[in-house]
Structure formats: structure tokens, C-alpha cells
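# What the coordinates show
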Amino acid sequence: MTEIMELITSRDPGEKEFHQAVEEVLETVQPVLDRNPHYRKLAILERITEPERVIMFRVPWVDDQGQVQVNRGFRIEMNSAIGPYKGGLRFHPSVNLSILKFLAFEQVFKNALTTLAMGGGKGGSDFDPKGKSDDEVMRFCQSFMMELFRHIGPNTDVPAGDIGVGAREIGFLFGMYKRLRNEFTGVLTGKSLGWGGSLIRPEATGYGCVYFAAEMLATKDESLEGKTCLVSGAGNVAQYAVEKLIELGANVVTMSDSSGYIYDEEGIDEEKLVFVKRLKNVRRGRIREYAEEYKEAVYTEADPSADHNPLWDHKADCAFPCATQNEINGKDANNLVHNGVRLVCEGANMPSTLEAIDIFLEHQLFYAPGKASNAGGVAVSGLEMAQNSMRLNWPREEVDYRLQNIMKSIHRTCLDTSAEYGESGNYLAGANIAGFVKVVDAMLDQGLV
Ligand code: NDP
């Protein structure tokens, strides 16, 4: 393992997020490597950590002042052993190769866990949709697609949304793809309902994450009812995680955005969540306004120089990080443990640092890694692809039922695999090993490609 990490860090020295994601997987799959010594000869680790293809391109567009702007676009086609590349597009100023390679790498194992036939990919741009007009976002999306369309297709690579890419952006991207190709196909998921989208897709990641948490608690005959929950983020994943938590009787006391977080001791109820949805999805405002509307809530401004995030420093039973990578560090993890949190279920991708994960495992928390607990989004994307191929729309109840079954199946796979490899109850080991074995078996079947 050290050898592989040395290879990866020396080949791509600056890619710290990618290194972190690889290290987390390699640390847990050692038992598989021990049982299969021939993997070394076949250079399985070298192959699985190297993207099949990396596409980088210029994205020029004109802003509302008539000024030409230039952003950088990316698509990482990581692994297609079990199906077409599948994974979201992220528009955020922090986007770079390291972040997208980590996301694409995680996506490979996540997609394998869903039981659907999807390989792994990820893409995006350092474009920041925040503060841009709808026209500017449209011009950017059109320019982005003018290059991306050559590389994607319903049987090749099927992007979706992620941070900064919601229904509005998917609409603009799809419109340009359709115009360039002159075909109406399921090339993107997360489409609006009227033109090929699936019911439950917007809800899927957040709902799925809460279904996973409920499964974990059920192993101890417990439920989410009455549990106090900390949620970070106020975007797609956070909104629907909060919605399902409220429905299941939990008391959600926090939400956040990159400017700060709100703490509402009385709990975020359905009415307050409607306010958040309108604030974020329609007015595109800041979470601070929640505390202006509801006086019982306290708003705390984010302090980028602080060594911990105060959102994770409240008494609670469960934590649902649903914002971004590395939002829980070692100090935050210790705060969570000392404040009584017994369950951490990741809605975001890699929100916990390696140090934080060690603390969760050491204290035997229920800890669900994102690649298992947030797989509901891509799973319903897979169902959207299936519906598009058949030109059918399944009703809400059917998609939700399938989502629940997929989350149950992922949960069971994690538990069974962790037990099979002597790591009973370690969801991280279970998820990594199960995903790894499925992808590696397919790669070996297909020869040296
Ligand atoms: P959204 O863009 O809808 O929301 C992201 C939220 O996180 C916003 O509240 C945003 O605040 C906040 N945020 C983003 N970056 C930072 C940062 N650097 N520091 C603090 N807060 C930040 O994205 P999603 O809800 O779709 O995605 C959230 C997470 O879930 C990501 O890790 C994503 O990869 C993961 N995920 C998403 C899936 C999906 O189906 N959408 C599927 C699986 C995983 P602000 O508005 O201020 O930027």
C-alpha cells in the first residue's frame, strides 16, 4: 500500500484530496489483497487509481457587461468496468483536478454498491454560479456543453448535478446537447419532470441518506424518532435530508451555507423548511436570513481561520454532514463524540477527514461513509436512465420504494461484507471492500484494457 501511495503522490504531487480518497480505500481493502496475491502482478491498484480518461477544456463565455470570461471545464472518466461513466458535474470556484479525481474515484465504488450498471466519472468547472444572472449561467452552460457533448452519450457517459448544478443548469446543458446532437436522449440525469426527469430524483440523496441512518439504528432496535440531529448545508442534499428527518420525527437543529450556520433549538419544522427551500432555490439567498425570519434561531458567521466548525459543537444524537468535503476534522469529531453524537451519516462526499473517521471508529459510532449513505442520488439517476430508455415514467411511490430497497441492500451489503472480512459493524470497510471487489472482478474479466 505504501508503495502505491508513494507512486500516486509522486506522480500527482498537488492532489491532496485525491490522495486522501485513495488512502481511505487502500487502508480498508488490504484483506482482499491478502486473499488475492495475484492482484499485485496484475497491477490492479495502479489501474484502478488511474482515470481511464481525463478531459480538460477552455470554457469562454460573455458576462452581462459584455466582458469575455474564461473558465476551465473538466470531465474525469474514471472507470467503465461495470457500465457507462456516471457522476455529477460540480460548478464551484474550488473545482480542480484533485477534487474531481477524488469525487470520480469515490463514485466508482458508490455506483458499484447501488447494484445498477454504472461506471464512475465526475466533472465540472471552476465557474461560480453564485451572484450570476440566469442569462450568464445559461451562456456558461451552453459554452461548457459545446465541448462536453463530444465525450458523453447515453451509453458512454451520463453526467448529473452536484454542488452548483441543479435543475436550472441541467436544463441549459440539456438544451445545448439536444441542439448539437439533434437527438432527445437520456444523456443527463436530474432533468425536470416535464422532459424526462424522474420523480424522487431531487429528493433521492437526502432521503436515501436518512433511510440508511434508519437502517443502522434499526440494528439496535432504535429509530430516528425524537433524536436531535445536526445537519450541515442548505442545498439539495441537506434540504431533503431535513425533510425526511422531520417526517420520521427527528428534531433538526442546524443548517448552514458557506457563510455560516443557524442553530434553532426549537427545531426546523415543515414550515421553516419551506422557507429555506424558497430562500435557497428561488431567491438564492443566504442562510443568515433564517435567523432574521425566526427569532428563536441563532446565526453564527463562518470563520475560515478557526480550527473547528462550531456547527458540530452542540448536544445531539446524530450528525448528517451534507455540505462539502473535509467539513469535519479531528477536533470536530471529538466535539461530536463528547456532545453525545452516536451516529454520523454522510450526505456529502468525503465530509470527514481521515483523522475524524479514525475517531468515529475508535469510539464505535455508527459511521456511514458517503459512498454508501449518499448513493441514493446516483441510484435514482440510474432509475431515471432506465425510465428514459423505456420512455416510461414510474410513479413517485414506485421510485421511492425502489430507492428504499436499494438503500436497504447497500446497508446489508456493507454489514455482511464487513463481517466476512473480520471487521463486523465497520461500514467503511464493508462499503470499500464490496465496491472494490465488484469493480475489480469486472476489470479482470475484461482483460488488460
Ligand atoms: P448544493 O450546491 O445544492 O448545496 C451545497 C451546500 O453546501 C450549500 O449550502 C453550500 O453553501 C454548501 N457548501 C458548498 N461548499 C461549501 C464550502 N466549501 N464550505 C461550506 N459550505 C459549503 O449541492 P448538493 O446538496 O447537491 O451537494 C452537497 C454534497 O453532497 C456535496 O458533497 C456533493 O458532492 C454531495 N452529493 C450530492 C448528490 C446530489 O444528488 N446532489 C449526490 C451525492 C453526493 P453555499 O450556497 O454558500 O455555497
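Refer to the preceding data block for the structure.
Only a predicted model underlies this, so the values are computations on that prediction, with no experimental measurement involved.

## Examining the overall build of the chain
In terms of regular secondary structure, the chain is built from 18 helices and 13 strands. A compact globule built from 449 residues should have a C-alpha radius of gyration of about 22 Å, and the chain, at 21 Å, falls within 12% of that. Taking the principal axes of the C-alpha coordinates as reference, the chain spans close to 60 × 60 × 45 Å. Each of the 449 residues in the chain was classed as buried or not, and the buried ones make up 58%. Considering only intrachain contacts with a sequence separation of at least 6, the fraction spanning at least 24 residues in the chain is 71%. Element-wise, carbon and sulfur atoms account for 49% of the exposed surface of the chain, whose accessible area totals about 18,200 Å².

## A closer look at the sheet that holds strand β11 (residues 318-320)
Reading across from one edge, β7-β6-β11-β12-β13 is the order of the 5 strands in this open sheet, with parallel pairing throughout. Pairing within the sheet leaves two strands with one partner each, and these edge strands are β7 (251-252) and β13 (366-368). Examined bridge by bridge, strand β6 (residues 228-231) and β7 share 2 bridges and lie parallel to one another. Among the inter-strand pairings, Thr 228 is bridged to a residue of β7, identified as Asn 251. Together, β6, β7 and β11 form the strand contacts of helix α10 (residues 236-247), whose direction differs from that of β6 by roughly 170°.

## A few points about the site of the ligand
Close contacts around the ligand come from 25 residues, with Asp 162, Thr 205, Ser 258, Arg 286 and Asn 349 the closest. One of the side-chain nitrogen or oxygen atoms of Arg 90 is found 2.9 Å away from an oxygen atom of the ligand. Residue Gly 164 places a main-chain N or O atom 3.0 Å away from an oxygen atom belonging to the ligand. Relative to its free-state accessible area of 890 Å², the ligand is covered by the protein chains to the extent of 82%. Residue assignment for the shell around the ligand shows that the elements contributing at least two residues are α9 (201-218), α10 and β8 (254-257). For the shell around the ligand, the per-class residue count stands at 6 nonpolar, 12 polar and 7 charged.

## A few points about the environment of Ser 352
Structurally, Ser 352 is set in the loop between β12 (343-345) and α14 (354-362). Judged by relative accessible area, which is 1%, Ser 352 ranks as buried. Put simply, Ser 352 and Asp 269 are 83 residues apart on the chain and 27 Å apart in space, counted from C-alpha to C-alpha. Leaving out residues up to four positions away in the same chain, Ser 352 has contacts with Gln 20, Asn 326, Ile 328, Glu 346, Ile 357, Phe 360 and Tyr 367. For Ser 352, the side chain forms a polar contact with the side chain of Glu 346, separated by 2.6 Å.

## With respect to the side chain of Asn 426
Mapping Asn 426 onto the fold places it in the loop between α17 (396-420) and α18 (427-445). Residue classification places Asn 426 among the buried residues on the basis of a relative accessible area of 13%. Polar contacts involving the side chain of Asn 426 include one to the main-chain amide nitrogen of Ala 429, which spans 2.9 Å. Ignoring any residue separated from it by four or fewer positions in sequence, one finds Asn 426 in contact with Leu 361 and Ser 418.

## Comments concerning α9
Spanning 18 residues, α9 covers 25 Å between terminal C-alpha atoms, matching the ideal 26 Å at 1.5 Å per step. When you tally the buried positions in α9, you get 14 out of 18 residues, the bulk of the element.

Calculation criteria
- Residues numbered from 1 in each chain as written.
- Predicted model: local features only at pLDDT ≥ 70, side-chain atom pairs only at ≥ 80, totals over all residues.
- Heavy atoms only, no water.
- Helix = DSSP H or I, 4+ residues; strand = E, 2+ residues; numbered from the N terminus.
- Rg over C-alpha atoms; globule rule 2.2 N^0.38 Å.
- Buried < 20%, exposed > 50% of the residue type's maximum accessible area, 1.4 Å probe, protein only.
- Contact = heavy atoms within 4.5 Å.
- Areas by Shrake-Rupley, 256 points an atom, 1.4 Å probe, with all protein chains shown as cover.
- Pairing = 2+ DSSP bridges.
- Axes fitted to C-alpha atoms, helices over the stretch in contact; angles between N-to-C directions.
- Near = heavy atom within 4 Å.
- Polar contact = N/O pair within 3.5 Å; in protein donor to acceptor, adjacent residues only side chain to side chain.
- Nonpolar A, V, L, I, M, F, W, Y, C, P; charged D, E, K, R; others polar.
- Expected span 1.5 Å × (residues − 1).

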